[in-house]
Amino acid sequence: MNILLLGSGGRECALATSLAKSPRCDKLFIAPGNGGTAAIGTNVELDILDGNAVAAFAKEQDCGLVVIGPEAPLVAGVANAVRDAGIDCFGPNAAGARIEGSKDFSKQIMTKYDLPTAKYGTFSDSDSALRYIAEQGAPIVVKADGLAAGKGVTVALTQAEAEEAVVECFDGRFGAAGATVVIEEMMTGPECSMLAFTDGKTVYPMAESQDHKRAYEGDEGPNTGGMGAYSPVPIVTPEEHDAMVDVMKRAVAGMAAEGIDYRGCLYGGFMLTEEGPKLLEFNCRFGDPETQVVLPRLATDLVDVMVATAEGKLDQIELEWRDEWAVTVVLASGGYPGSYKKGLPISGIEDAAALDGVTVYHAGTKLEDGVFYTNGGRVLDVTALGNSFEAARDLAYKACSLISWDGMFMRHDIGARALRGREAWN
Ligand code: AMP
Ligand code: GLY
């Protein structure tokens, strides 16, 4: 079958790699894709926020499945248009994507279905928001309601910081996304992501993974899209794992009770607090870079899983996972997440990818005349599998040492806290 995949990051390169491995995959189109996906399938220019254009392309190319990577097209209802055109789609309709598209809606679902999360209030004017902050005191967390490209959350340690975040939101810093503000209690503990395949009835959780959001070693510096990840997460206890699985299942059941037929990946972002795992957020899609450490461990054919998800037949297949560890190290452009240069030639990708157990996923590259050039802040996601966390990590860093371009940087401590145990978070 022909498949159309939407997106252009490392997550989509990982999805494309797994889809292309399937004997069921004939032509794979990626819109808009990147340098890495150009080497796996055919990159196409398409307005991925335009549902009609996406559905028309998929029909024209006789695609049997459309896979939607990022949240923006999901929130914009692109999955609705694809399904209306009679094509199987992996990714929820707009009603389901609200779980990420509106933090207020997400908190309402959590509250109504008794899913553990931080206490909160929702405000649409600054006076009442500021009054709530004065009542609750700091530390406190201020969140723009809508999609803000990962920048809409302020963990405020002082009341002044929280007040400033509220004022900025209502002053339009995040546009319409900040017209409503969610303010919640600050939680503490290690963070952990759980992704799950679901067709709205059956829920198959994947192994836990952990992202590294700060730019520099020791979790210092500005927030980024993610500088590395690993899976599984050894500090998670069996009780915590079961609690998170239970939350994911109850979330899908709750959405079904609201009339939402959720088919795709549901991402639970958790904090492992002393009172058990609590939800930070839901996302309506695979995580990036979590996907890069979770998908390579899936032994079942991804096309089978995605078609079953899209058709509501997930209960008819079983998922098998490789009993291995995965570590991804992100190679970034000097200056990221601030300004950085693009168009620099990259060397060593083939040498790194030739190592047994290593896959180099592209996040921000361009392929021109057989040469890969940098084309973004996060450029490559170097992923290694191994029989232990240490083996996977050492292999990933060995592969990274073979790659270079002018100004390249990485964090050298991906997963360091996994080894130091629970107390490393205190
Ligand atoms: P979110 O987009 O809601 O996941 O928030 C982004 C990041 O902000 C999370 O990954 C956490 O590191 C932090 N964060 C969000 N909500 C809270 C909270 N209630 N308590 C502490 N940290 C939080
Ligand atoms: N790694 C965080 C996210 O995908 O939202």
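These remarks concern the structure in this document. Predicted model, so just to flag it, every value in this text is computed and none were measured.

Reading guide: rules and limits
- Residues numbered from 1 in each chain as written.
- Chains lettered and ligands numbered in written order.
- Predicted model: local features only at pLDDT ≥ 70, side-chain atom pairs only at ≥ 80, totals over all residues.
- Heavy atoms only, no water.
- Pairing = 2+ DSSP bridges.
- Helix = DSSP H or I, 4+ residues; strand = E, 2+ residues; numbered from the N terminus.
- Near = heavy atom within 4 Å.
- Polar contact = N/O pair within 3.5 Å; in protein donor to acceptor, adjacent residues only side chain to side chain.
- Areas by Shrake-Rupley, 256 points an atom, 1.4 Å probe, with all protein chains shown as cover.
- Nonpolar A, V, L, I, M, F, W, Y, C, P; charged D, E, K, R; others polar.

Here we come to the sheet that holds strand S22 (residues 378-386). The 5 strands are arranged S12-S15-S18-S22-S19 in an open sheet whose pairing can be described as antiparallel. The sheet is open, and its two edges are formed by strand S12 (210-211) and strand S19 (358-362), each paired on a single side. In this sheet, strand S15 (residues 228-231) lies alongside S12 in antiparallel orientation, the contact comprising 2 bridges. Residue Gln210 lies in a different strand from S15, and its bridge partner there is Tyr230.

This part covers the site of ligand 1. By nearness alone, 13 residues border ligand 1, and Lys143, Glu184, Met187, Glu191 and Glu281 come closest of all. Within the contact set of ligand 1, an oxygen atom lies 3.3 Å away from a side-chain nitrogen or oxygen of Lys103. Within the side chain of Glu281, one N or O atom sits 2.9 Å away from an oxygen atom of ligand 1. Coverage of ligand 1 by the protein amounts to 86% of the 470 Å² it exposes when considered alone. Of all the secondary-structure elements, those providing two or more residues to the shell around ligand 1 are strand S7 (140-144), strand S8 (153-156), strand S9 (181-185) and strand S17 (276-283). Of the residues that constitute the shell around ligand 1, the class distribution is 6 nonpolar, no polar and 7 charged.

Around ligand 2, the neighbouring residues are Asp211, Tyr267, Asn283, Arg285, Gly287, Asp288, Pro289 and Glu290. Here a nitrogen atom of ligand 2 sits 2.8 Å away from a polar atom, N or O, in the side chain of Asp211. Between Asp288 and ligand 2, the recorded distance is 3.0 Å, taken from a backbone N or O atom to a nitrogen atom. With the chains in place, 87% of the 200 Å² that ligand 2 exposes on its own is no longer accessible. Considered class by class, the residues forming the shell around ligand 2 number 2 nonpolar, 2 polar and 4 charged.

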